[in-house]
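# Remarks on the overall topology
The chain contents come next:
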Amino acid sequence: MAYHSIQYFVLFLPLVMLLYSLFPKKKRWAVLLAASLAFEWMFSSFMIVFNLVVVAISYTAGRLMEGQKPKKKKKIMYVSLLLELICLIVLKYSDFFVFSGYSLLTGLGLEMGDYNHIKFIVPIGISYYTLQGISYIVDVKRKKIAPSHDIFKLALYLSFFPQIMEGPITRYDEVADRLCDGHDLTYSDICQGYQRILYGLFKKVVIADRMNVAVETVFARGDYYGALSFLGAILCTIQLYMDFSGTIDIAIGSGKVLGVSMAENFKQPFFADNASDFWHRWHITLGTWFKDYIFYPVSLSSFVTKQAKACKKSNKAWFATYITAFWSLICVWLSNGLWHGPKWTYILYGVYYFLIIFLEYMLEPKFKKFLNKHKWSPKSPGVRAFRFIKLCLIVIVGEMFFKADTWSQGFAMFKSFFANPELGRLFSDISGLGLDIYDYPILLFSLLLVLAISIMKEKKANIRSKIESMPLLCRWAFWYAAVFVVIIFGAYGPGFDAVAMMYATF
Amino acid sequence: MRMKNIKKAALFVLGLVVLLATSSALIGPKDYAAFNYADVRTKLKSLDKEADYSIDVVCAGNSQSFYACSPLLIYKEFGFTSYDTGTAGQRLCDTYAVLSETYKTQAPKLVVLEVDGVIDAHPGVHEKEDDYFFNAAETVFPILHYHSVYYSSLPKSLVNLTSSRRNEKLLKGYHLRTDVKPYDTDGEDSDAYMYVDEDYQMTDTAKSYLEKIVDLARSQGSEIMFLSAPSATNWTMNKHEAVSEIAESKGIYYLDMNLQLEKIGIDWEVDTCDGGEHLNSSGAKKTSSYLGRFIIENFPGIFDKPEGLSDTAKTALEVKEKQIKENWDRDYESYMNLLKEG
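Here the structure is a predicted model, which means the values were calculated and not measured.

## As for the overall build of chain A
Summing up its helical and strand segments, chain A has 20 helices and 0 strands in all. Against the 2.2 N^0.38 benchmark of 23 Å for 506 residues, chain A shows a C-alpha radius of gyration of 24 Å, consistent with a compact globule. Considering only C-alpha atoms, chain A reaches an extent of 65 × 65 × 60 Å along its principal axes. Excluding contacts between residues fewer than 6 apart, the proportion of contacts in chain A whose partners are at least 24 apart in sequence is 77%. With 53 positive and 35 negative side-chain charges, chain A shows a separation of 12 Å between the mean positions of the two kinds.

Below, the structure is given as structure tokens:
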């Protein structure tokens, strides 16, 4: 049952709401836990056991750390993190690492015989609940949170159904209390939650899924030329954003319906100043997770601090700041790439952003000096347009490599930008992208609508309160119209291939 | 939640239900149930442009059909008219719907059923046979199923701008693709052509629709034959055997072109537009010719004029035939021009 399926938001979610409201306040968390496990069982079946293993490890680690001395706590933390990571690595990455080693050795001329791929079914959501489990253990160790004394309540945090498939990756201290406090559902939360779900469905079903055929058509072609590759890269970037942010809207909306506010995962990423800022606005909860559990620990590790100190003592003091950033960023971005899946294209994607962000880190001060020297305001339209175009190019190229099946496909498409742009050929080929003529205005108006909403959100305009201030009949007419836009213009049913939620597979 | 708010929410949901019910009543097919109503309707509108009772043979099925059977080429070579009623991914329920509507204006002597859709896991009107909740929702509110029907109401010039559908009407339902993307005969899976080890089972729904299609054709006095168009990446021996069994049990001719590639002259280097799944115009020229000959040889006399007609009726028939010939000759010329333009 996908979040954008009718079963989910018309049957499952209302049923959970009803049961939750009918149960005594003290036991309401049990309804959420039962619903979450049932939801996970529906798409994971017995693989749910891996989630329960993460729950057991996290709970045990938390309890064992209570009252222990820092050294012992550290040991417990390392062992428990290792155990959780073993589950993830064995299921998700074992074949990738073993096959990479095999390829390397055969590449060096060693006789290795035939390779039999290791085939494991990767449980959906494992990348998300493992990160949450790790954050829980580390936060307990850091005394940021008190360990949970109730394994079932911890299980609820690690399996809460709206976030299990695609996030957002929440922290224990943000949601655990709310999940378990037995609060009443409110009319306002239910309205706001369903409104958010509707907006998510619009982005996912009307825009992302409608674009899918064009994206797949472009990437399946072998004879790439620049204009088509670039169009494909733009379309796949928009599709990924609409799919992922739309599904996150549904997840956050579902949480809201149940009175649980979850962290935002997107904040108008294309209005960012640079690549670094982009990642503060795109998949925010993953970024903050890496920041808290990889960037800072690496920056403060003895290995990095020793190197930085050595640089400061030598004549290369200026290098000290870069060395810290270098090690922290490369660890973050390799992890980021690898987190998305066992593919070299994802690792390349991580390295790509590492290089861009590291370069930006080094060049940004120089760029600011350059602006000052020429008395150009950073907020002037010219500078902002330059930054916007630069960011779009960075993101689009990055997503193209991300979407490509192999490095060679990504590089072939990238090479075609310069080797054979052939803009004129695009006009004759556009009809072969699999989109019908009516798809274009639907996509154009939908994207303009999302853009308008994004601009308003960026300007901190309260869109919902504007709608709420309308007279009741107008307000209802507005929401009915919105529902019908999704029903009528949604790319589902006859003539459309069902498109799975993209980030559920990571 | 306060009672006032519960009432308000219930009223909102009730309003939505009323709107869904109303819009469902306005949209969707009145005469027949179809999975892809928009495509079926668009195809039937195309067919409506043909003179009544002017089509001798109806080809039905999914894209395998409309890429392999070119009625204008068959007409030029063998002199009988045909129409391809195939639509992309056509399910058997849609084949049945198209065929039953076709019989309202045409009296084909033969129905050629391309059988790729017979093995489809979901041959019925609903999205998925086992998706009970969604099926129920679609049944209560048909707008959920027929929501994209709006595009079949748009002007045809707007809808059919995608290259292969653009000239569908002129080409009598055939989809023209002139581009070439060879089938990789050295590729990893090339040996598996026709020999993929998969177990195909016809669903009960598929069996029931196939039964209905055969019964419909026979009840209307048409002959029926099964056809498998060449498809290097799609058709297999398992599928062939499953269809052969049905054809044998019902006494139906089954022409599997995948087993006659040499005779037909299919060259996967030049005859496919998408790496072996579908044929391009070069492939369709060969299969159309082969199909036309197969029909002439295996259904002798089905295109003969009825005997015992009065002189007036004979004259009327000749006038009609002359008119049909003029139209088809003109369309054939346009087709040739299209091919020249590439």
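## Details of the overall build of chain B
Tallying secondary structure elements over chain B gives 13 helices and 5 strands in all. Since a compact globule built from 342 residues should have a radius of gyration of about 20 Å, the 22 Å found for chain B is in line with a globular shape. The dimensions of chain B, computed from C-alpha atoms along their principal axes, are 80 × 60 × 45 Å. The burial tally for chain B puts 52% of its 342 residues in the buried class. For chain B, restricting intrachain contacts to residue pairs at least 6 apart in sequence, the fraction spanning at least 24 positions comes to 79%. In chain B, the 37 positive side-chain charges and the 53 negative ones have mean positions that sit 11 Å from each other.

## Remarks on the sheet that holds strand β1 (residues 57-60) of chain B
Residue and element names in this part refer to chain B. Pairing is parallel across the open sheet formed by 5 strands, whose spatial order is β2-β1-β3-β4-β5. Of all the strands in the sheet, the pair left with one neighbour each is β2 (82-84) and β5 (253-256). The average angle at which neighbouring strand axes cross in this sheet is 20 degrees, direction not considered. On the sheet, helix α9 (residues 204-219) packs against β3 (110-114) and β4 (223-228) and is oriented at approximately 135 degrees with respect to β4.

## What to know about the nonpolar core
All names here are of chain A. F161 and Y353 are the most contacted members of the largest nonpolar core, which totals 157 residues. Mapped onto the domain boundaries, this core takes at least three residues apiece from domain 1 (6-184) and domain 2 (185-262 + 422-506). In this structure, F161 is in contact with Y3, Y8, F12, L13, V16, A35, S36, F39 and L258, ignoring residues within four places of it in sequence.

## Concerning the packing of helix α1 (residues 6-22) of chain A against helix α9 (residues 226-257) of chain A
All names here are of chain A. Direction vectors running N to C along α1 and α9 enclose 30 degrees, while the axes themselves pass 11 Å from each other. On the basis of the axis angle, α1 is roughly parallel to α9. Here α1 runs over α9; the crossing is right-handed. For the pair α1 and α9, the contacting residues are Y8, L13 and M17 in the first and I250, S254 and V257 in the second. Residues that form the contact of α1 with α9 fall into these classes: 5 nonpolar, 1 polar and no charged.

## Structural notes on unusual backbone geometry
All names here are of chain A. Cis geometry marks the peptide bond from G167 to P168; its omega dihedral reads 5 degrees. In this structure, P168 sits in the loop between α6 (151-159) and α7 (172-180). The backbone of K460 shows a phi angle near 65 degrees, a positive value even though the residue is not glycine. Along the chain, the position of K460 falls in the loop between α18 (439-458) and α19 (463-468). With a relative accessible area of 66%, K460 lands in the exposed category.

## Some words on a nonpolar patch on the surface
Together, V79, L82, L83, I86, V90, V98, I118 and F120 of chain A make up an exposed nonpolar region whose accessible area comes to about 650 Å². With respect to the helices, strands and loops of the structure, V79 of chain A is situated in helix α4 (residues 70-107).

## Details of the interface of chain A and chain B
Residue-level contacts link 31 residues of chain A with 34 residues of chain B. The largest per-residue losses of area from chain A upon contact with chain B belong to Y187, Y480 and P494 of chain A, which jointly make up 23% of the total buried on that side. For the interface between chain A and chain B, the tally reads 0 salt bridges. In this assembly, chain A and chain B are joined by 5 residue pairs in polar contact (both at pLDDT 80 or more). Among the elements that take part in the side of chain A that touches chain B, helix α20 (residues 472-489) of chain A stands out by supplying 9 residues, more than any other. Counted by class, the side of chain A that touches chain B contains 22 nonpolar, 6 polar and 3 charged residues.

## Considering the pairing of β4 of chain B
Residue and element names in this part refer to chain B. When you tally the buried positions in β4, you get 5 out of 6 residues, the bulk of the element. As defined by bridge partners, β3 adjoins β4 across 5 bridges and the pair is classed as parallel. Counterpart to V111 in the pairing with β4 is I224. Pairing analysis gives 4 bridges linking β4 to β5, with the strands arranged parallel.

## Quick word on the packing of aromatic side chains
Enumeration according to the criterion identifies 68 aromatic pairs over all chains in this entry. Measuring from centroid to centroid gives 5.9 Å for Y183 of chain B and W268 of chain B, while their planes differ by 70 degrees, and the two rings are edge-to-face. With a gap of 85 residues between them, Y183 of chain B in the loop between α8 (156-159) and α9 and W268 of chain B in the loop between α11 (261-264) and α12 (281-298) connect regions that are remote in the sequence. The same class applies to Y183 of chain B and to W268 of chain B, which are both buried. Positioned over the ring face of W339 of chain A is K92 of chain A, at 5.6 Å from the centre of the ring. The ring of F219 of chain A is capped by K403 of chain A, whose NZ or CZ atom sits 5.9 Å from the centre of that ring.

## Comments concerning the packing of α1 of chain A against helix α2 (residues 28-44) of chain A
All names here are of chain A. The N-to-C vectors of α1 and α2 enclose an angle of 155 degrees; their axes lie 8 Å apart at closest approach. Relative to α2, the element α1 lies roughly antiparallel. Viewed along their axes, α1 and α2 form a crossing whose handedness is right-handed. On α2, the residues touching Y8, F12, V16, L19, Y20 and S21 of α1 are R28, V31, L32, A35, F39 and M42.

## Details of helix α14 (residues 344-373) of chain A
All names here are of chain A. In this model α14 runs 42 Å from its N-terminal to its C-terminal C-alpha over 30 residues, within 8% of the 44 Å that 1.5 Å per residue would give. Most pronounced at L363, the bend in α14 amounts to some 40 degrees, and the proline P365 follows within four residues. Immediately downstream of α14, the backbone of K375 shows phi near 55 degrees, a positive value.

## Topic: the pattern of salt bridges
All names here are of chain A. Inspection of every chain in the model, using the stated rule, returns 35 salt bridges over all chains. The salt bridge involving R387 is made with E364; its shortest N-O contact spans 2.8 Å. One end of the pair, R387, is in helix α15 (residues 381-403); the other, E364, is in helix α14, with 23 residues separating them in the sequence. Summarising the burial analysis for this pair, R387 and E364 share the class buried. For R425, the salt bridge identified is with D429, shortest N-O distance 3.9 Å.

## As for α12 of chain B
Residue and element names in this part refer to chain B. With 18 residues, α12 extends 25 Å from end C-alpha to end C-alpha; this agrees with the ideal 26 Å at 1.5 Å per step. Where α12 is concerned, the buried positions are S281, G283, A284, T287, S288, S289, Y290, L291, G292, F294 and I295. The N-terminus of α12 is capped by N280, whose side-chain oxygen sits 3.1 Å from the backbone nitrogen of S282.

## Description of the domain arrangement of chain A
All names here are of chain A. As assigned here, chain A comprises domain 1 (6-184) and domain 2 (185-262 + 422-506). Tallying the contact residues gives 27 residues for domain 1 and 27 residues for domain 2. Taken over both partners, the interface formed by domain 1 and domain 2 buries close to 2100 Å², and the fraction arising from carbon and sulfur atoms is 70%. Three residues, F9, M17 and E166, lead the burial of domain 1 against domain 2; their summed loss comes to 30% of the area buried on that side.

What counts, and at which threshold
Residues numbered from 1 in each chain as written. Chains lettered and ligands numbered in written order. Predicted model: local features only at pLDDT ≥ 70, side-chain atom pairs only at ≥ 80, totals over all residues. Heavy atoms only, no water. Helix = DSSP H or I, 4+ residues; strand = E, 2+ residues; numbered from the N terminus. Rg over C-alpha atoms; globule rule 2.2 N^0.38 Å. Contact = heavy atoms within 4.5 Å. Lys, Arg positive; Asp, Glu negative; His and termini not counted. Charge placed at Lys NZ, Arg CZ, Asp CG, Glu CD. Buried < 20%, exposed > 50% of the residue type's maximum accessible area, 1.4 Å probe, protein only. Pairing = 2+ DSSP bridges. Axes fitted to C-alpha atoms, helices over the stretch in contact; angles between N-to-C directions. Core = buried A, V, L, I, M, F, W, Y, C linked by side-chain atoms within 4.5 Å. Domains from an automatic or database assignment. Parallel < 35°, antiparallel > 145°, perpendicular 65-115°, else oblique. Left-handed = near helix turned anticlockwise from the far one by under 90°. Nonpolar A, V, L, I, M, F, W, Y, C, P; charged D, E, K, R; others polar. Patch = residues over 30% accessible without salt bridge, like charges linked within 9 Å, V, L, I, M, F, W, Y side chains within 5 Å. Areas by Shrake-Rupley, 256 points an atom, 1.4 Å probe, with all protein chains shown as cover. Salt bridge = Lys/Arg side-chain N within 4 Å of Asp/Glu carboxyl O. Buried area = accessible area lost by both parts, 1.4 Å probe. Polar contact = N/O pair within 3.5 Å; in protein donor to acceptor, adjacent residues only side chain to side chain. Phe/Tyr/Trp six-rings, centres within 6.5 Å; stacked < 30°, edge-to-face > 60°. Lys NZ or Arg CZ within 6 Å of the ring centre and 35° of its normal. Expected span 1.5 Å × (residues − 1). Bend = angle between axes of the 7 residues up to and from the residue.

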